Amino acid sequence: MSVMAHLPALQVVVPLMAAPLTVLLRRRDLAFGVALVASWTALVIAVLLWLQVEAGGTLSYAIGNWPPPWGIEYRVDRLNAFVLVLVAGLAAVVLPYSRASIEAEVSSEQHYLFYTMFVLCLTGLLGMAITGDAFNIFVFLEISSLSSYVLIALGRDRRALVASYQYLIMGTIGATFFVIGIGLLYLLTGTLNLADLGRRLALVDNPRPVLAALAFITVGLSLKLALFPLHQWLPNAYAYAPTAVAAFLSGTATKVAVYVLIRLYYSVFSDAQAFAIVPTEQMLLILGLLGAFAASTIAIFQSDLKRLFAYSSVAQIGYIVLGISFHSVNGLTASIVHLAMHGLAKAAVFMLLGGVALVMGGTTLARVQGLGYRMPFTSLGIVICGLSLVGVPGTGGFISKWHLILAALERGQWWLAFLIVGSSLLAAAYVWRFIEAAYFNEPRKDIGDARVPWSMALPALLLVAASVVFGLYSSVVLESARAAAVMLLGPR
Amino acid sequence: MFTPELGILAAMAVPLIGALLMWATSRMPDLRDAITLATAAVLLVVVLTILPHVLAGARPTLALFTVLPGLQISFTVEPLGMLFALIASGLWIVNSLYSIGYMRGNGERHQTRFYICFSLALAATMGVAFSGNLFTLFLAYEVLTLITYPLVTHAGTDKARAGGRIYLSYLMGTSVAFLLPALVFIWFVAGTTDFTPGGILQGKLGHNGTAALLVLCMFGVGKAALMPFHRWLPAAMVAPTPVSALLHAVAVVKAGVFTVVKIIVYIFGVDNLAGSGIGGSADWLVVVAGFTIIAASVVALGADNLKRRLAYSTISQLSYVVMAAALLAPLSIIGAVMHIAAHAVGKITLFFAAGAIYTASHKTEVSQLDGIGRRMPITMGAFALAALSMIGLPPAAGFISKWYMLSGAMAAQQWLGVVVIAVSTLLNAGYFLPIVYRAFFVAPAAVQGHDEHPHGEAPWPMVLALGLTATATVLLFFLPDVPLALARQMIGL
């Protein structure tokens, strides 16, 4: 029973402890074993936490027995229980995949370091999600960011270094802005505990510093979550990073940043007057829409599938932010569901593309000609995930898009519903580019007979299957997300 | 026990299993073609087993998934869907026979892919026919669009791909841009998208809302080829003739008008649309459909390419169905349903004939057809019969559907409809009869004896197929009981 009581701490501590262990062991197989055990344990803990929250409501855990608001509080409610399961789940699926995947993409003496950085990144992301302390968020943000810079730089392509450096600069600016915002809030209220912050902020009379804090935090987080037009670091980072890293980060890193944004907006700033003064919602709405349109359009004209799907990520983040801007149960539900659905689909796409690169020798549209005949399952998997990105019924993406449209209709904004649907057509266009290359061309003659190992194919297809299953049986995800949305908007 | 619910599942599963078997036997063309025929035959039997239940008043239902509350993937067989499934599965057998003759006669490549996609298209068509709500229909409709793309672009040439792009972008574009928002809105307003006798929107929307939603729905169904979203149909004629025949005379275009009728009857509700509060919100549709009928006929009049002429004739004939449904008179709706059947058998015959002419003589233009009836009497005889059906003359099925449409229009005192039908009948005669006249009564151009190679009829499977469909056109005139009974059931007479 005592272990159960400490689950919130273990959620972070287990992967954190695994990191130095992998360095000490140095042998890559041992390091892989440790990382695998850590990530699967993290998933078990996340699921247990989620079940507890579903059954009994919010969990609060005082680190070192220092009661909040003085000590650091780990606070698990319906929203971050959901995010924890998503992050830990994707890590648990990507890690087995990475073993064979980095074989070709990372030089072998660095393999154990890959696992070190992977578990550290996981630690940071889980920590950002679970902690109820504003400064603690910043600490974990830095842990996850620094490790992801390293992970991206591990890519063999020399451009990976530039991409990593670009991300480092942008990410550091973002983190700095974030911490300045948190500092302002601390000055105003004298507390760092999120729940406490929310209560005290409502009592602050002078809105100007609150506005400054809001602005710093919004811009800082927007950089981290790659909100258009602060997305420039993302396409290169995803395209040149090792595939396993792209898969993991695309499904989790931006998602956790979105979570933090939702958390701060709805749990901290919700009662402050800041939103009444600055039209934050409209700003997010416009940026989200712009992102969906602009990034989808850019994606259509990419010749490399990794970059194509990276721009697609920027567009999909646009939808998520759009849902946040609606400030309604359906809108938030759409955003939270889309965190998961897009995470699943996009991680699956990048994992499948890893296999494609292995067999076809690249992921440009020219190289994947005839993929549908050479690699039928991989190809079909990419198509299915693509359909989920478009939001076709029967896939997970439909569930979120449906709620997004409903939220727009609820506000009586017909034009918005049409714009959302219209942007989906752009998504259909970039997915179609892949379909045309893969199915309506003769297979290339210069392809070797390499095969994708099972350890890469299975995890990827598992995620593809999940995209479909959650599209047809949406109730678990949907109920969980809706409960989170209701809680966030809760009784005032 | 083979319940009708199981029948619904089987109707979609049989073509899928058939496709798998064709894939497995791709290296044995004879066996593969036999499997195509067998699959088609089994499908028809399956559909026929459901028929007596529906005629007896049962509405077998099969619910598969609940995607969202009030949004199910479920299937229900009602009279209209029953009729559509009967037509599509019945004509698929004939078409398979014809395809085998055509594909072998012309030595086409990728034959296995062709038969597999055809089979999958039929599975999607069954899905459209049996869908129990608009959501399921929308899904099956999109699958049908996608799965027919490889068939349209079968030749693999740049021209075929250009045609395929137009095909895909028109059909996908209209359905996603118009029908999908309409679907969401219907669910938003009514809380369901189930096809319900009498409709689900009574009292939910005012005049303007109804009219706007109807606009979205009607233009959203691009497969009904209402102008100005008709251009995909001529573009799709780059497909091999069997594809044009089954898909663009029966499955795809009929899925379009079928959806139109379903939406008007089961979503909006005829009485609701004609009712006092929102009366007149469907009037615009009569005008647009009437315009399409006339305009497409005029274009057909000037088209020299035979398949192009048939394509524009199809656009015109499809709008008959739309207009008849929009007249909102019980008799005209019976006419609409009958016309789905009558036009299917008639137009497939015409396409079969065009393909037979191409296979036997490689002629594609109307102006080349002088005297061809002497070399291919059966083909051109069948063509003449089907042309009569298009014009609406006895003894062909088209007469019955036009009769009901005219009666309905007169009963509803919709004089615009009456005029459109009368004028278009003249136009139909104007572009079909000259072909028949040329074929039988103009002597073949005897100048270039060297490139006029002697030929007779096309390969026998093709001739047999078009003979069968021409016979069906006449039979449907003398024995219209089953479709009529289904049509009456649908509107509750």
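Small disclaimer: the values here were computed from a predicted structure and weren't measured.

Caption draft 1: Region of the structure containing the overall build of chain A. When its secondary structure is counted, chain A shows 21 helices and 2 strands. Relative to a compact globule of 492 residues, whose C-alpha radius of gyration would be 23 Å, chain A shows 21 Å and is just as compact. Counting only C-alpha atoms and orienting by the principal axes, one finds that chain A spans roughly 70 × 60 × 40 Å. Relative to all contacts within chain A whose residues are 6 or more apart in sequence, the contacts with residues 24 or more apart total 80%.

Caption draft 2: Representation of the overall build of chain B within the structure. Of the regular secondary structure elements, chain B holds 19 helices and 2 strands. Relative to its length of 493 residues, chain B is compact, with a C-alpha radius of gyration of 21 Å against a globular reference of 23 Å. With respect to the principal axes defined by its C-alpha atoms, chain B has extents near 70 × 55 × 45 Å. Every one of the 493 residues in chain B was classed for burial, and the buried ones make up 60%. Sequence-distant contacts in chain B: of pairs separated by 6 or more residues, those separated by 24 or more amount to 81%.

Caption draft 3: Representation of the interface of chain A and chain B in the model. The interface is formed by 18 residues belonging to chain A together with 15 residues belonging to chain B. Those elements that provide at least two residues to the side of chain A that touches chain B are α18 (396-410) and α19 (414-439) of chain A. The element contributing the most residues to the side of chain A that touches chain B is α19 of chain A, with 7 residues. Its residues placed into classes, the side of chain A that touches chain B shows 14 nonpolar, 4 polar and no charged.

Caption draft 4: Structural view of the environment of Leu144 of chain B. Among the secondary structure elements, Leu144 of chain B is positioned in helix α5 (residues 134-152). Given 24 C-beta atoms within 10 Å, Leu144 of chain B falls into the buried group.

Caption draft 5: Quick peek at the nonpolar core. Within the largest apolar cluster, 404 residues are counted, with the highest numbers of intra-cluster contacts made by Leu84 of chain A together with Val322 of chain B. Built from parts of two domains, this core gets at least three residues from each of domain 1 (1-278) and domain 2 (284-492) of chain A. Non-local contacts of Leu84 of chain A, meaning those with residues more than four positions away in its chain, are made with Gln11, Ala46, Leu49, Trp50, Leu126, Ala129 and Ile130 of chain A.

Caption draft 6: How the structure looks around the pairing of strand β2 (residues 71-76) of chain B. Residue and element names in this part refer to chain B. Of the strand pairs in this sheet, strand β1 (residues 61-68) and β2 are connected by 6 bridges, and their pairing is antiparallel. Looking across to β2, one finds that Thr66 is bridged to Gln72. If you look at the hairpin formed by β1 and β2, you'll find 2 residues sitting between the two strands, and Gly70 has a positive phi there, around 80°.

Caption draft 7: Geometry of helix α12 (residues 306-326) of chain B. In a regular helix each residue adds 1.5 Å, so 21 residues correspond to 30 Å; α12 of chain B covers 30 Å between its end C-alpha atoms and thus fits that length. Of all 21 residues that make up α12 of chain B, 20 are buried, and the element is covered over most of its length.

Caption draft 8: Expanded view of the domain arrangement of chain A. All names here are of chain A. Taken domain by domain, chain A holds domain 1 (1-278) and domain 2 (284-492). Domain 1 puts 40 residues into the contact, and the matching count from domain 2 is 42 residues. If you list the elements that add at least two residues to the side of domain 1 that touches domain 2, you get α4 (78-105), α10 (233-240) and α11 (243-268). Top contributing element to the side of domain 1 that touches domain 2 by residue count: α11, with 16 residues.

Caption draft 9: Quick peek at the packing of helix α1 (residues 4-24) of chain B against helix α4 (residues 111-130) of chain B. All names here are of chain B. Between α1 and α4, the least distance of the axes is 9 Å, while the angle of their chain directions is 170°. The orientation of α1 with respect to α4, classified from their angle, is roughly antiparallel. From α1, Ile8, Ala11, Met12, Pro15, Leu16, Gly18, Ala19, Met22 and Trp23 reach across to α4, where they touch Thr112, Tyr115, Ile116, Ser119, Leu120, Leu122, Ala123, Met126, Gly127 and Phe130. Classifying every residue of the contact of α1 with α4 by side-chain character gives 15 nonpolar, 4 polar and no charged.

Caption draft 10: Quick look at unusual backbone geometry. Put simply, Pro68 of chain A and Pro69 of chain A share a cis peptide bond, and its omega is 5°. Positionally, Pro69 of chain A belongs in the loop between β1 (59-62) and β2 (73-76). Residue Met227 of chain B is joined to Pro228 of chain B through a cis peptide bond whose omega torsion reads 10°. With respect to the element layout, Pro228 of chain B can be found in the loop between α7 (207-220) and α8 (232-235). Of note in this structure, His327 of chain A is not a glycine but carries a positive phi near 55°. Here His327 of chain A is to be found in the loop between α14 (305-326) and α15 (329-360). Positive phi, normally seen in glycine, also occurs at His362 of chain B, with a value near 60°. Structurally, His362 of chain B can be placed in the loop between α13 (330-361) and α14 (372-375). Residue classification places His362 of chain B among the exposed positions, given that 11 C-beta atoms sit within 10 Å.

Caption draft 11: Just the packing of helix α16 (residues 397-411) of chain B against helix α18 (residues 460-478) of chain B, in detail. All names here are of chain B. Relative orientation of the contacting elements α16 and α18 amounts to 45°, with a least axis distance of 6 Å. One way to sum up the angle between α16 and α18 is to call them oblique. Between α16 and α18, the residues in contact are Ala397, Phe399 and Ile400 and Thr473, Leu476 and Phe477, respectively.

Caption draft 12: Structural context of the confidence of the model for chain B. Per-chain confidence: chain B averages 85 in pLDDT, with 97% of residues scoring 70 or above. Among the prediction metrics, the complex's ipTM stands at 0.75, with pTM recorded as 0.84.

Caption draft 13: Here's a closer look at the environment of Leu285 of chain A. Topologically, Leu285 of chain A is positioned in helix α13 (residues 280-300). When the 22 C-beta atoms within 10 Å are taken as the criterion, Leu285 of chain A is described as buried.

Caption draft 14: Geometry of the environment of Ala100 of chain A. Residue and element names in this part refer to chain A. As for its position among the elements, Ala100 is in helix α4. Here Ala100 falls in the partly exposed class, since 18 other C-beta atoms lie within 10 Å of it. Apart from residues no more than four positions distant in its own chain, Ala100 is found in contact with Pro453, Ser455 and Met456.

Caption draft 15: Region of interest: helix α21 (residues 475-489) of chain A. Residue and element names in this part refer to chain A. Helix length check: α21, at 15 residues, gives a terminal C-alpha distance of 21 Å against a target of 21 Å (1.5 Å per residue), a fit within 8%. For α21, the complete set of buried residues consists of Val477, Leu478, Ser480, Ala481, Ala484, Ala485 and Leu488. Mapping the buried residues of α21 onto a view down its axis gives an arc of 165°, with all of them on the same face. Where α21 is buried, its residues meet α4, α11, α15, α18 and α20 (454-472).

The rules behind the values
- Residues numbered from 1 in each chain as written.
- Chains lettered and ligands numbered in written order.
- Predicted model: local features only at pLDDT ≥ 70, side-chain atom pairs only at ≥ 80, totals over all residues.
- Helix = DSSP H or I, 4+ residues; strand = E, 2+ residues; numbered from the N terminus.
- Rg over C-alpha atoms; globule rule 2.2 N^0.38 Å.
- Contact = placed C-beta atoms within 7 Å.
- Buried ≥ 20, exposed ≤ 12 C-beta atoms within 10 Å, placed from the backbone.
- Nonpolar A, V, L, I, M, F, W, Y, C, P; charged D, E, K, R; others polar.
- Core = buried A, V, L, I, M, F, W, Y, C linked by C-beta atoms within 7 Å.
- Domains from an automatic or database assignment.
- Pairing = 2+ DSSP bridges.
- Expected span 1.5 Å × (residues − 1).
- Axes fitted to C-alpha atoms, helices over the stretch in contact; angles between N-to-C directions.
- Parallel < 35°, antiparallel > 145°, perpendicular 65-115°, else oblique.
- pLDDT = per-residue confidence, 0-100.
- Arc of directions from axis to C-beta.

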